[in-house]
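Descriptive analysis of the structure
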Amino acid sequence: MIKILHIVENYTFSSGGIRTVVKNLSEELTAQNYTSFILTASKEKDDANVFLVNSDKKTWLYSKEWKYKIKSICDEKKIDCIHIHGTWMFPQFIASKYAFKNKIPFVITPHGMFEPWLWEQGTLKKKIYFNLLTKKYFSKATIVHSITNEETVNLKKLFPTSTIVEIPNLVKNPKKEPSLISNQEKYIFYIGRLDEKKGIDLLIKSFIEINPPNVKLKIAGEFNPYKENLESIISNSSIDSNNIEFLGFVKGEEKDIFIKNAFVLAAPSHSEVIGMVNLEAAILKIPVITTHQTGLSKLWAENGGFLINPNQKELTASLSEVLQWSNKNQQEQGEKLYNFVLKNYTWRNRIQDWLMLYKSTL
């Protein structure tokens, strides 16, 4: 039985896709008779097999407790492999250093945090931090895990001597079909962080440009200061502001119901490594407009989905095309995308990739 310790800086719902990925991975490993533990600075109260570190420095999550907790769990639970998620905080740095110094195999999953678009945000600071601190230990990882082909190419430049294994983000089949609301209004749906990276401003501008009759744009995501930027785009336009709704944070069954009742999900991100929401919508048979920068297979665009560049022109054209579909067309495209994702991006068909990865570290 292989025992794995996952290091995650934030395991709350607010961490978005990373929580979903790590949670699903841990559950699937448990089903395969692996033992999986999670160490984090933030978790939800009902999380099981999750250990907590009290970090006194919020900017870097620094705490001496990280090292002590990692050592304690590794010694007590006889950990075979440490899996580090993310790149820019103290937990990832100290975990990689500890694993290397104590000769424990370790895997690093950057989760797209080394992608070019993100490097451009605060480049100098990140380059100094990477080159002076983390590169020394990250380059010693037993395996660097990439999620997309584009990420593999980028990681090979940063870690030319490392073993890089590519496995995409995967989605679970829903345990039950979400409710369909009769006489539901027609809407375009976005769900995710309210962040410049996500291209929500492009989505709002495209929606305003089209101004489709009897269609709404619903935006789900925890409110933060960036919401004011988005609201200013709406207030400076002539569109009826009631046609664009900010729903706040939604999760669980409520989230699935919002997705299932959407006409299309739009995720025009500037940088992503297979955003989980794209897969979650597809597995619920909802067509998805997303970008080439999410790293999805090009076949996505031939199987009920759209792949565009994150600009208003292409997004407007895609939305306009979708909104001309009949309900039957929409259902047919959703079914095609579902079948494509079922084959290529589900745990049921890809769990062996992860089992092989972990076995190769030992």
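The structure reproduced in this document is the subject of the present report. Source: prediction; values computed, not measured. (Residues numbered from 1 in each chain as written. Predicted model: local features only at pLDDT ≥ 70, side-chain atom pairs only at ≥ 80, totals over all residues. Heavy atoms only, no water.)

1. Notes on unusual backbone geometry
Despite not being glycine, lysine 78 shows a phi value in the positive range, around 55°. Mapped onto the elements, lysine 78 comes out in the loop between helix 2 (65-77) and strand 4 (81-85). The class for lysine 78 is exposed, based on a relative accessible area of 57%. Even without being glycine, asparagine 214 reaches a positive phi, approximately 60°. By the secondary structure assignment, asparagine 214 is in the loop between helix 7 (200-210) and strand 9 (215-220). (Helix = DSSP H or I, 4+ residues; strand = E, 2+ residues; numbered from the N terminus. Buried < 20%, exposed > 50% of the residue type's maximum accessible area, 1.4 Å probe, protein only.)

2. Quick word on the pattern of salt bridges
Pairs may arise between side chains of opposite charge once their charged atoms sit close together. Tallied over the entire structure, the rule returns 17 salt bridges. Across the pair glutamate 27 and lysine 172 runs a salt bridge, and its minimum N-O distance is 2.4 Å. Here lysine 172 lies in the loop between strand 7 (164-166) and strand 8 (186-191) and glutamate 27 lies in helix 1 (residues 17-31), a separation of 145 residues in the sequence. The partner of lysine 71 in a salt bridge is aspartate 75, with the nearest N and O atoms 2.8 Å apart. With lysine 71 and aspartate 75 both in helix 2, this residue pair falls four residues apart, about one helical turn. You can call lysine 71 partly exposed: its relative accessible area is 43%. (Salt bridge = Lys/Arg side-chain N within 4 Å of Asp/Glu carboxyl O.)

3. Remarks on the sheet that holds strand 3 (residues 50-52)
On the basis of which strands lie adjacent, the open sheet formed by seven strands has the order 3-2-1-4-5-6-7 and parallel pairing. Unpaired on one side and paired on the other, strand 3 and strand 7 mark the two borders of the sheet. Taking each pair of neighbouring strands and ignoring which way they run, the sheet shows an average axis angle of 25°. Relative to strand 2 (residues 35-40), strand 1 (residues 3-8) runs parallel, the two being bridged by six bridges. From the neighbouring strand, histidine 6 faces strand 2, where its bridge partner is isoleucine 38. Packing against the sheet, helix 1 makes contact with strand 1, strand 2 and strand 4, and its axis sits at approximately 170° to strand 1. (Pairing = 2+ DSSP bridges. Axes fitted to C-alpha atoms, helices over the stretch in contact; angles between N-to-C directions. Contact = heavy atoms within 4.5 Å.)

4. Regarding helix 13 (residues 347-361)
The end-to-end C-alpha separation of helix 13 is 21 Å, in line with the 21 Å expected for 15 residues at 1.5 Å each. Turning to helix 13, its buried residues number three or more, namely Trp347, Ile351, Trp354, Leu355, Leu357, Tyr358 and Thr361. Mapping the buried residues of helix 13 onto a view down its axis gives an arc of 160°, with all of them on the same face. Of the residues in helix 13, the exposed ones pointing more than 90 degrees away from the buried face are Met356 and Lys359. Buried positions along helix 13 lie against strand 1, helix 1, strand 4, strand 5 (106-109), strand 6 (143-146) and strand 7. (Expected span 1.5 Å × (residues − 1). Arc of directions from axis to C-beta.)

5. Structural notes on the pairing of strand 9
Taken across its six residues, strand 9 has five buried, putting it largely inside the fold. Sheet topology places strand 8 next to strand 9; six bridges connect them, and they run parallel. Across the sheet, tyrosine 190 pairs through a bridge with isoleucine 219, a residue of strand 9. Taking the sense of rotation as the criterion, the β-α-β connection linking strand 8, helix 7 and strand 9 turns out right-handed. Summarising the sheet, strand 9 and strand 10 (residues 244-248) pair through four bridges and their orientation is parallel. Within the sheet, the bridge partner assigned to leucine 217 lies in strand 10 and is isoleucine 244. (Right-handed = clockwise from strand over helix to strand, strands pointing away.)

6. A short note on the sheet that holds strand 10
Spatial ordering of the open sheet is given by 10-9-8-11-12-13, a layout of six strands whose pairing is parallel. A strand with exactly one partner marks an edge of an open sheet, and here the two such strands are strand 10 and strand 13 (306-308). The average angle at which neighbouring strand axes cross in this sheet is 25°, direction not considered. Bridging between strand 8 and strand 11 (residues 264-267) involves two bridges; their strand directions are parallel. Residue phenylalanine 189 lies in a different strand from strand 11, and its bridge partner there is leucine 265. Here helix 9 (residues 252-260) sits on the sheet and contacts strand 8, strand 9, strand 10 and strand 11; the angle it forms with strand 8, its principal contact strand, is near 135°.

7. Brief notes about the packing of aromatic side chains
A ring pair, where both rings are aromatic, is described by two values, the distance of the centres and the angle of the planes. One pass over the structure, following the stated rule, counts 16 aromatic pairs. Aromatic pair phenylalanine 90 and phenylalanine 93: ring centres 6.2 Å apart, planes at 50°, arrangement tilted. Placement of the pair is phenylalanine 90 and phenylalanine 93 together in helix 3 (residues 90-101), with a separation of three residues, close to one helical turn. Across the pair, exposure class does not vary: phenylalanine 90 and phenylalanine 93 are buried alike. Aromatic pair phenylalanine 93 and tyrosine 137: ring centres 6.0 Å apart, planes at 65°, arrangement edge-to-face. Of this pair, phenylalanine 93 sits in helix 3 while tyrosine 137 sits in helix 5 (residues 123-138), and the two are 44 residues apart along the sequence. By relative accessible area, which is 9% here, phenylalanine 93 ends up buried. Given a relative accessible area of 6%, tyrosine 137 falls into the buried group. Aromatic rings pair up to connect Trp60, Tyr62, Phe90, Phe93, Phe100 and Tyr137 into one cluster. (Phe/Tyr/Trp six-rings, centres within 6.5 Å; stacked < 30°, edge-to-face > 60°.)

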